Amino acid sequence: MRVAVAVLALAFVPLYGQNQTPRKPAHSAAAASARTTKRTAKEPPLAPLNQRERVVQLLSRFTFGPRPGDVDRVLAMGADTWLEQQLNPDSIDDSALAKRLVDYPTLTMTPEQALTAFPDRGTIRAIADEKLRPPTDPYLAAVYEVQMQKLYRENVEKKTEANSSTQPPSDAQLAEQKKQDQATAARIAGTLFALPRDQRMSALIKLPVADRIAFTTYVAGDQRNLLLSQFTPREREIFNAMAANVGSSGQIASELSQAKLLRAILSERQLQEVMTDFWFNHFNVYIGKDSDQWYTTSYERDVIRKHALGKFRDLLLATATSPAMMVYLDNWQSIGPDSIANGVNPANPRAKKGNRGLNENYGREVMELHTVGVNGGYTQADVTALSAILTGWTVDRPHQAGPFVYEPRRHEPGLKQWFGHTIDASTAPTQSNTPPGMNEGIQALTILAQSPKTAHFISYKIAQRFVADDPPPALVDRMAATWLSTGGDIKAILRTLIQSPEFNSRKYFHNKVKTPFEFVASAFRTTATDPINPGALVQTLRTMGMPPYYALPPTGYYITADRWMNSAALVDRLNFAYALTSNKFANQKFDSAHVLALGLMSQPSVLPASVLSTPSRPHLAQASLMQASASSPLSGQDFALHILESSLVEGEVSAKTNDLIHQQMEKLATPTAQPTDTLNLLAALVMGSPEFQQR
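J.: I tried to follow the overall build of the protein on my own but got confused; where do I start?
T.: A tally of regular secondary structure across the protein gives 34 helices and 4 strands. Across the 695 residues in the protein, those meeting the buried criterion constitute 54%. Taking as baseline every contact in the protein between residues at least 6 positions apart, the subset at least 24 positions apart corresponds to 74%. In the form shown here, the protein has an accessible surface area of approximately 30,600 Å², with 54% of it arising from carbon and sulfur atoms.

This is the structure:
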C-alpha cells in the first residue's frame, strides 16, 4: 500500500498549481520587503469573507488548525472576543496541557540543572579524570557511574583496535555477550516488577553498573513500555540517561521537541504558541551547536515565549543577552582588539597586543535578519562597528551552562561611528546597574528596534507568515505605521493585520501552504486525535525535513510554499496520513468513525450547493444529505467524503480533487476491504489533498 500511496501522491502534484494562488519566484524576505515600495496599477476592491469564513481564516492562521466544533464556538462567542482572549494567554486555562508536560522535567530546568541531569561527553570525561566532582544525588550518581563505565569501555575498544597484537572480540563472542546481557535484562525485569512501583528505581540504581547497562540497553517490548509508563517523570529521565550512549544531553532536545508538538496540538493558548513558533524561527538558534543543547530550552521559555506578545525592543534585547544566541552566533568569543582582555594596557602603550579580535557573526545577523533587513542601508563598516559595540557581551563558563555576563575587559573602548550615529559609553542612555560599556550595546539595539526599516522589514515577515507568501504592500505599510506609533507593540501590530480588509478577503483565503510542522499538528487537531507518541512525530518531522530546533542557518526554516511543496514532500505527507489513519503509526490510535461522527454533527441538513453542483457529479444537485433521488442515489462513499472534507478542510474542495480521490479509491478497492478500511483511506486522501495542505 505504501507504493500505491506514493503513486497517488504524485497524481495529486499537478493539482497544486491549479488550486493555489500563482506565486512569484522565491526571494529573500528582505529583498521582497524592499520591493513592496513599488506600486502597481490600482486593483479592484477585495471581495470580503462572510462571517464563518472570517472565523475559519482566523483559526487557520493563528492556531495550528481548528478542532472539530471550534469554528462554531468562535462564531458564537465572537471572533474579536476570541482574539482578545488569545492575545492575553495568561487568562486562558491550559491545565490539561500542563499535566501532559509534567512528563518532560527538563522544560522547567535551568541550563545548569539540565546539564547536570543529562551530562554531555565532556562532563563525563572531566569527572572520570577527577577534574569535576560527581553529583551527590543518588539517582544522578547512578547515571554518571553508568556513563563513565561506557566511556571506559569505549577507550578499551579504541586501544584494542589500535593494538595490532590484540585480537578484538569475534562476532560469535559479541553475539554470546549480547545473549547474556539480554538474559540479565529479563531477570532484572522480573525482579523489578515484583516490587512496588515506588521501589523499582531505588532497586535498579543499587545494582552493579554492568547490570544497569545490560538492563537499560536490552529490556524491550512490552516490558520496557510498561516499566516506563509506571515510572515517575524523573525516574523515566534517569532510565533514559542510563540507556543513552556516552553523553546523554540529547535527551534535553528530545523532550523540548516533543513538548513543542504537544503544545501545538493541545494548548488552548494557540495564538501564543503560533507566535512563539514565529519568533523562534525569526531569532533562530541551532540546538545542535555546542552548548546550545542545554541553553535552547530556557531560550524558548524565558526569552521567546515570554516576550512573544510584548514589545519588540524587549524581545530583541532578551535574545541579545541570551547565552543561546551568544553561543549560536559566536558573540561570546568576540574581543575588542584594543581591549584589556586582548593585552592592551592603558598605562603601558608599548605593551604587546594579543591576536584575538572581533567576531562579526552576531553584529551582521542582528541587522540583516533580526531588524532592518539586508536592504536596510548598513555597510560592512557598520557591521564591524556594531560588533565592536557588542564586545563584552559574553557567556560565563559556556561549557558548563553558565549565564550571560558582560565582561568590561573584553569591551572595545572609544567612540564608534555606526549607522549614522555616534555611540559613546559616556553619553549612552544609562540603565540601572548596567556598566557603561554595555549601555553602548543597549543604545544600538534600541535604535535598531525603533527604526522605520525594522518596522517595515518585520511587518513584511509577519504578513508573509499570516497573509500571503507575497504579502500586500499596503497592509505591510499600515502594520509598520502601527509599529512606529506604538513602540513596536506586537499585539497592536497583529490587530492591524487581523482587522485588515486584506486578511479578511477572499483573495488571501486558504492560500498559505502548511509547513511540515503545521501539517502534522493540524492532522491531529482537525481530527481530535490525542498524540500519545510525540517522539514518533518528532522523527516524522525529521523525515519531512523540519526537525524542531535543528534549522542550521540563522534564517531558520522557510515559511513559503516554494520550499515545502514538491512531489517528494507530498509523498511523505500522504504516507504519514495513510499510516496515521490506518493505525499503523507508532501505536497511535486513530478513529476515523469518530472523525466522521464529529463532522456529521456539525453538518447542515442538505449538502452545500457548491458541492451539489460539481460538474463531475451534476446529479448531486437534487440530493439531500440523507436521501438521494431514486434515479441517481448518493453513495455512502460520496457521503463520507463530503463530511470528511467539510470537517477537515473547512473550505471548498475542487471538483478535480474529488475526481482524483474517487479514481484512486476505485483503483485501490479490493473485494475484502472493510468499511473501516475504506473510511481510513478516504481520511488519508483528504489529508493528502491540496486543500488540506493549505491554511
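There's plenty left to go through after this.
J.: Explanation requested: the confidence of the model for the protein in the structure shown.
T.: Keep in mind that low pLDDT regions are not for reading the predicted coordinates in detail. The predicted model of the protein has a mean per-residue pLDDT of 88, with 87% of residues at 70 or higher. Between residues 18-27, whose pLDDT stays under 50, and residues either more than four places distant or in other chains, the model counts 19 contacts. Across residues 605-631, confidence stays below pLDDT 50; counting only partners more than four residues off in sequence or on other chains, it has 34 contacts.

J.: Can you walk me through helix 21 (residues 380-389) in this structure?
T.: The buried count for helix 21 comes to 7 of 10 residues, which makes it a mostly enclosed element. For helix 21, the complete set of buried residues consists of Asp 382, Val 383, Ala 385, Leu 386, Ser 387, Ala 388 and Ile 389. Tucked inside the fold, the buried residues of helix 21 contact helix 20 (361-368), strand 1 (393-395), strand 3 (416-418), strand 4 (421-423) and helix 22 (436-449). For helix 21, the N-terminal cap is Thr 379; the gap from its side-chain oxygen to the backbone nitrogen of Ala 381 is 3.3 Å.

J.: Could you clarify how one ought to interpret the side chain of Arg 525 in this entry?
T.: As for its position among the elements, Arg 525 is in helix 26 (residues 516-525). From its side chain, Arg 525 meets the backbone oxygen of Gly 65 in a polar contact 2.6 Å long. When sequence neighbours within four positions are dropped, the list of residues in contact with Arg 525 reads Thr 63, Phe 64, Gly 65, Pro 66, Arg 67, Pro 68, Asp 70, Ala 264, Ile 265, Ser 267 and Gln 270.

J.: Can you help me understand the nonpolar core in this one?
T.: The tendency in soluble globular proteins is for nonpolar side chains to be buried as a group. Judged by nonpolar contacts, the single largest core of 177 residues is most densely connected at Trp 279, Trp 418 and Leu 497. Among residues more than four places away in sequence, those in contact with Leu 497 are Phe 62, Ile 462, Ala 463, Phe 466, Val 467, Leu 475, Met 479 and Phe 503.

J.: Please explain the packing of helix 33 (residues 655-668) against helix 34 (residues 675-688) as it appears in this structure.
T.: The relative placement of two packed helices is expressed as an angle between their axes plus a distance between the axes. One way to put it is that helix 33 packs onto helix 34 with a least axis distance of 11 Å and a crossing angle of 145°. In this structure, the crossing between helix 33 and helix 34 has a hand that is right-handed. In this structure, helix 33 uses Ile 661, Met 665 and Leu 668 to contact helix 34, whose residues at the interface are Thr 678, Leu 681, Leu 682 and Leu 685. Looking at the contact of helix 33 with helix 34 residue by residue, the class counts come to 6 nonpolar, 1 polar and no charged.

J.: In this structure, what is going on with the packing of helix 12 (residues 209-218) against helix 14 (residues 233-243)? I would like to understand it.
T.: Put simply, helix 12 and helix 14 touch, their axes get as near as 8 Å, and they point 100° apart. Put simply, helix 12 runs roughly perpendicular to helix 14. Residue-level inspection shows Arg 212, Phe 215 and Thr 216 of helix 12 in contact with helix 14, the latter providing Phe 239, Met 242 and Ala 243. Among the residues making up the contact of helix 12 with helix 14, the classes are represented as 4 nonpolar, 1 polar and 1 charged.

J.: Honestly, unusual backbone geometry in this entry has me stumped. Any pointers?
T.: Backbone geometry places Tyr 549, a non-glycine residue, at a positive phi of 70°. Here Tyr 549 lies in the loop between helix 27 (534-543) and helix 28 (561-564). We note that Asn 587 has phi near 60°; this positive angle belongs to a residue other than glycine. Take Asn 587: it is sitting in the loop between helix 29 (567-581) and helix 30 (592-601). Judged by its relative accessible area of 64%, Asn 587 falls in the exposed class.

J.: Looking at this structure, I do not really get helix 20. What am I missing?
T.: Because each turn of an α-helix spans 3.6 residues, side chains separated by three or four positions end up pointing in the same direction. Residues of helix 20 that are buried include every one of Tyr 362, Gly 363, Glu 365, Val 366 and Met 367, and no others. If you follow the buried residues of helix 20, they end up packed against helix 18 (312-320), helix 19 (323-328), helix 21, strand 3 and helix 22.

J.: Please explain the environment of Arg 525 as it appears in this structure.
T.: Residue Arg 525 is classed as buried on the basis of its relative accessible area, which comes to 3%. Taking the C-alpha atoms as reference, Arg 525 lies 8.8 Å from Ala 264; in sequence the two are 261 residues apart.

J.: Before we go on, may I ask you to explain the packing of aromatic side chains in this structure?
T.: We describe a pair of aromatic rings using the distance from one ring centre to the other and the angle between the two ring planes. Summed over all chains, the structure comprises 20 aromatic pairs. When the centroid spacing of 5.6 Å and the interplanar angle of 70° are considered together, the rings of Phe 280 and Tyr 299 count as edge-to-face. Remark: Tyr 299 occurs in helix 17 (residues 292-307) and Phe 280 occurs in helix 16 (residues 270-282); sequence separation between them is 19 residues. For the pair Phe 519 and Phe 576, a centre-to-centre distance of 6.0 Å together with 70° between the ring planes defines the contact as edge-to-face. Taken together, the residues span a long stretch of sequence, with Phe 519 in helix 26 and Phe 576 in helix 29 at a distance of 57 residues. Residue Phe 519 is classed as buried on the basis of its relative accessible area, which comes to 0%. Each residue in the set Phe 62, Phe 278, Trp 279, Phe 283, Phe 312, Phe 466, Trp 483 and Phe 503 is aromatic and connected to the rest through ring pairs, giving one cluster.

J.: Can you help me understand the environment of Thr 526 in this one?
T.: Inspection of the secondary structure assignment puts Thr 526 in the loop between helix 26 and helix 27. In this structure, the C-alpha to C-alpha distance between Thr 526 and Met 687, residues 161 residues apart in sequence, is 9.9 Å. Every residue in contact with Thr 526, bar those within four places of it in the chain, is listed here: Pro 66, Pro 68, Leu 648 and Phe 692. In terms of polar contacts, Thr 526 uses its side chain to reach the backbone carbonyl oxygen of Ser 522, at 2.7 Å.

J.: Just to check I follow, could you spell out the pattern of salt bridges for this structure?
T.: In a structure, side chains of opposite charge can pair up when their charged atoms sit close to one another. Inspection of every chain in the model, using the stated rule, returns 30 salt bridges. As a salt-bridge pair, Asp 137 and Arg 234 come within 3.0 Å of each other at their nearest N and O atoms. Of this pair, Asp 137 sits in the loop between helix 8 (121-128) and helix 9 (138-162) while Arg 234 sits in helix 14; the two residues are 97 residues apart in sequence, bridging distant segments of the chain. Each member of the salt-bridge network shares a partner with another, and the members are Arg 67, Asp 70, Arg 73, Glu 268 and Arg 525.

J.: Quick question: what am I supposed to make of the environment of Arg 52 here?
T.: Here Arg 52 is to be found in helix 3 (residues 51-62). By relative accessible area, Arg 52 is classed as partly exposed at 33%. Arg 52 sits 23 residues away from Leu 75 along the chain, and the two C-alpha atoms are 6.9 Å apart. Leave out the neighbours within four places in its chain, and Arg 52 touches Val 71, Asp 72, Leu 75 and Glu 650. Here the side chain of Arg 52 touches Asp 72 through a polar contact of 2.8 Å, side chain to side chain.

Analysis parameters
- Counting restarts for each chain: residues are numbered from 1 in the order of the written sequence.
- Local features in this predicted model are restricted to residues of pLDDT 70 or higher, and side-chain atom pairs are both shown and tallied only at a pLDDT of 80 or more, whereas totals for entire chains, interfaces and linings draw on every residue.
- To obtain the side-chain values, all non-hydrogen atoms of the structure were used and water was disregarded.
- Strands are runs of DSSP state E lasting at least two residues, helices are runs of H or I lasting at least four, and both sets are numbered from the N terminus onward.
- Burial here depends on accessible area, computed with a 1.4 Å probe over protein chains only, as a share of the maximum for the residue type. Under 20% is buried, over 50% is exposed, and the range in between is partly exposed.
- Two residues form a contact once any of their heavy atoms are found within 4.5 Å.
- Here the accessible surface of atoms and residues is derived via Shrake-Rupley with a 1.4 Å probe, and residues count as covered only by protein chains that are part of the display.
- Per residue, pLDDT measures the predictor's confidence, with a range of 0 to 100.
- Side-chain atoms alone can form a polar contact between residues adjacent in sequence; in general such a contact is a pair of N or O atoms within 3.5 Å, and within protein one must be able to donate a hydrogen while the other accepts it.
- Joining through side-chain atoms within 4.5 Å is the link that ties buried Ala, Val, Leu, Ile, Met, Phe, Trp, Tyr and Cys residues into a set, and such a set is a nonpolar core.
- Each axis is a line fitted through C-alpha atoms, taken for helices only over the stretch in contact, and angles between the N-to-C directions span 0 to 180 degrees.
- Note on convention: the crossing is left-handed when the near helix lies turned anticlockwise from the far helix by less than a right angle, right-handed when the turn is clockwise.
- Classification used: nonpolar for Ala, Val, Leu, Ile, Met, Phe, Trp, Tyr, Cys and Pro, charged for Asp, Glu, Lys and Arg, polar for all others including Gly.
- Should an angle fall under 35 degrees it is taken as roughly parallel, and over 145 as roughly antiparallel, whereas 65 to 115 is taken as roughly perpendicular and any remaining angle as oblique.
- For Phe, Tyr and Trp, rings pair up if their centres lie within 6.5 Å, where Trp contributes its six-membered ring, and each pair is then called stacked (planes under 30 degrees apart), edge-to-face (over 60) or tilted (otherwise).
- We define a salt bridge as a side-chain nitrogen of Lys or Arg found within 4 Å of a carboxyl oxygen belonging to Asp or Glu.

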